[in-house]
Amino acid sequence: MKVNIDKKSGFCFGVLNAIKTAEEFLDKYGTLFCLGDIVHNNKEVNRLKEKGLITIDHNDLKDLYNTRVLIRAHGEPPQTYQAAKENNLEIIDASCPVVLKLQNRISVSQQKALEANGQLVIFGKEGHAEVVGLKGYTADKAIVVGNNPDDLKKIDFSRPITLYSQTTQNKEEYRLLAAKIKQMLAEHHCGKSEAPGLKVYNTICGQVSNRGPHLAGFAKQHDLVIFVSGKKSSNGKYLFEICRSHNPNTYFVSGKEELQKDWLTGVYSTGVCGATSTPMWLMEEVAEEIKTLKHGL
Ligand code: SF4
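Residues numbered from 1 in each chain as written. Predicted model: local features only at pLDDT ≥ 70, side-chain atom pairs only at ≥ 80, totals over all residues. Heavy atoms only, no water.

Some details on the overall build of the protein
For the protein, the count of helices and strands is 11 helices and 12 strands. Overall, the protein is about 70 × 55 × 25 Å in size when its C-alpha atoms are taken along their principal axes. Looking at the protein residue by residue over its 297 residues, the buried ones come to 51%. Contacts in the protein between residues at least 24 apart in sequence constitute 71% of all its contacts with a sequence separation of at least 6. As displayed, the protein has an accessible area near 14700 Å², and 52% of this comes from carbon and sulfur atoms. When the 38 positive and 34 negative side-chain charges of the protein are each reduced to one mean point, those points stand 5 Å apart. (Helix = DSSP H or I, 4+ residues; strand = E, 2+ residues; numbered from the N terminus. Buried < 20%, exposed > 50% of the residue type's maximum accessible area, 1.4 Å probe, protein only. Contact = heavy atoms within 4.5 Å. Areas by Shrake-Rupley, 256 points an atom, 1.4 Å probe, with all protein chains shown as cover. Lys, Arg positive; Asp, Glu negative; His and termini not counted. Charge placed at Lys NZ, Arg CZ, Asp CG, Glu CD.)

Shown next as structure tokens:
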């Protein structure tokens, strides 16, 4: 049986950079604090924990002084930098450049929106680290809209709207949301000549959106697809659904121990792929286990 690992799966450059940065500091100092899980993959988090990486949350940060703290690829709001300064903490900033650019754009847009009596809307998951960071650059004034239709009630359709997306959102869902907002604005202003405008910015990261079409093709080429990802990864869920919609014989696993022998019956080719937060070593481990299990059939 052939087992192919998708060469384009695995860490995106933002995550890769954060992990490389952490490892450099761990090699040098033996220990490093990281604000939140460095990546949405428990196995990779545990590997780095063994090397000395200590994951903390924002409460822990308040009681931490005179040491180094890594900011992961998701980025942080300005308040975190301020809190670190007050505690004499050295920030090792591994925020992804794509996220930093978005924070910047959002900060400028929020200012413009305020001047025009407008409002800034972010399509994303409330509470997600990247969204918390982005909101921070609007002094927490941005409205977060997810997939729940009730979220639209938070928007004032009598005022102009500027729409952004969290970098890891689904492109098609973003397109539908923008169309819905446009329609609701038009309905609200029916009969009025000067309806407020809608500006939509495409800020979904190419590292996620370009993988969708690629994985669709990859999934179709195999009898069986094993998608490897941490359960907390948003792009993991999104990319897994793409694989499954193009090949119903697709299974989600977090590691080799979740593989089931009966999935391999009658299978001649298996594709192993994963999210932007899945380490290549984990996909290799899963691929090896598939070969072992198949051998035992
Ligand atoms: S998915 Fe894109 S924005 Fe997010 S960390 Fe990776 S490269 Fe950066």
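There is more to say, and it comes next.
So, the site of the ligand
Around the ligand sit Cys12, Phe13, Gly14, Ala73, Cys96, Val98, Val99, Thr167, Cys205, Gln207 and Val208, and that is every residue in its neighbourhood. Grouping the constituent residues of the shell around the ligand by class yields 8 nonpolar, 3 polar and no charged. (Near = heavy atom within 4 Å. Nonpolar A, V, L, I, M, F, W, Y, C, P; charged D, E, K, R; others polar.)

A look at the domain arrangement of the protein
Split into domains, the protein comes out as domain 1 (2-9 + 209-295), domain 2 (13-96) and domain 3 (98-166 + 170-203). The straight-line distance from the C-alpha centre of domain 1 to that of domain 2 is 29 Å. The partner domain 2 presents 9 residues to the 13 residues of domain 1 that form the contact. Of all residues in domain 1, Lys232, Ser277 and Trp281 bury the most surface against domain 2, accounting for 53% of the area lost on that side. Inspection of the region where domain 1 meets domain 2 yields 2 salt bridges. One can count 3 residue pairs in polar contact (both at pLDDT 80 or more) joining domain 1 with domain 2. Class assignment of the residues belonging to the side of domain 1 that touches domain 2 gives a composition of 3 nonpolar, 8 polar and 2 charged. (Domains from an automatic or database assignment. Buried area = accessible area lost by both parts, 1.4 Å probe. Salt bridge = Lys/Arg side-chain N within 4 Å of Asp/Glu carboxyl O. Polar contact = N/O pair within 3.5 Å; in protein donor to acceptor, adjacent residues only side chain to side chain.)

So, the sheet that holds strand β6 (residues 119-123)
Taken in spatial order, the 4 strands make up an open sheet running β7-β6-β8-β9, and their pairing is parallel. On the outer flanks of this sheet lie β7 (143-145) and β9 (198-200), each paired with one strand and no other. If you compare each strand with its neighbour and ignore which way they point, the axes differ by 25° on average. Pairing of β6 with β7 involves 3 bridges; the strand directions are parallel. In the sheet register, Phe123 faces β7, and the bridge partner there is Val145. (Pairing = 2+ DSSP bridges. Axes fitted to C-alpha atoms, helices over the stretch in contact; angles between N-to-C directions.)

Some words on the packing of helix α1 (residues 13-29) against helix α2 (residues 42-50)
Closest axis-to-axis distance for the α1/α2 pair is 11 Å, and the angle between their directions is 15°. Between α1 and α2, the angle falls in the class roughly parallel. In the crossing of α1 with α2, the sense of the turn from one axis to the other is left-handed. Contact residues: α1 offers Ile19, Glu23 and Leu26, while α2 offers Glu44, Arg47 and Leu48. Looking at the contact of α1 with α2, its residues break down into 3 nonpolar, no polar and 3 charged. (Parallel < 35°, antiparallel > 145°, perpendicular 65-115°, else oblique. Left-handed = near helix turned anticlockwise from the far one by under 90°.)

Description of the pattern of salt bridges
Pairs can form between side chains of opposite charge whenever their charged atoms are close. Taken as a whole and assessed by the stated rule, the structure comprises 14 salt bridges. Across the salt bridge formed by Lys153 and Asp150, the nearest N and O atoms sit 3.1 Å from each other. By relative accessible area, Lys153 is classed as exposed at 68%. What makes Asp150 partly exposed here is its relative accessible area of 44%. Where Arg244 meets Glu241, a salt bridge forms, and the shortest distance between an N and an O atom there is 2.9 Å. Taken as a pair, Arg244 and Glu241 lie in helix α10 (residues 234-246) at a separation of 3 residues, close to a single helical turn. Residue classification places Arg244 among the partly exposed positions, given a relative accessible area of 37%. Since its relative accessible area comes to 40%, Glu241 is described here as partly exposed.

A short note on the pairing of strand β8 (residues 161-165)
Among the 5 residues in β8, 5 count as buried, and that is most of the element. Residues of β8 alternate between two faces, with Ile161, Leu163 and Ser165 on one and Thr162 and Tyr164 on the opposite face, all of them buried. Examined bridge by bridge, β6 and β8 share 5 bridges and lie parallel to one another. Of the residues in β8, the one forming a bridge with Val121 is Leu163.

Concerning the environment of Ile181
For Ile181, the location among the structural elements is in helix α7 (residues 171-188). Separated by 18 residues in sequence, Ile181 and Lys199 have C-alpha atoms that sit 11 Å apart.

Brief notes about the nonpolar core
Counting 18 residues, the largest nonpolar core has Ile19, Leu32, Ile38, Val39, Leu53 and Leu70 as its most contacted members. Within the residue set of this core, elements represented by two or more residues are α1, β2 (32-35) and α2. For this core, the leading source of residues is α1, giving 6 residues. With near-sequence residues (within four places) excluded, Val39 lies in contact with Phe11, Val15, Ile19, Glu44, Val45 and Ser277. One finds Val3, Val228, Val253 and Trp263 within the second-largest nonpolar core, a separate group that totals 16 residues. (Core = buried A, V, L, I, M, F, W, Y, C linked by side-chain atoms within 4.5 Å.)

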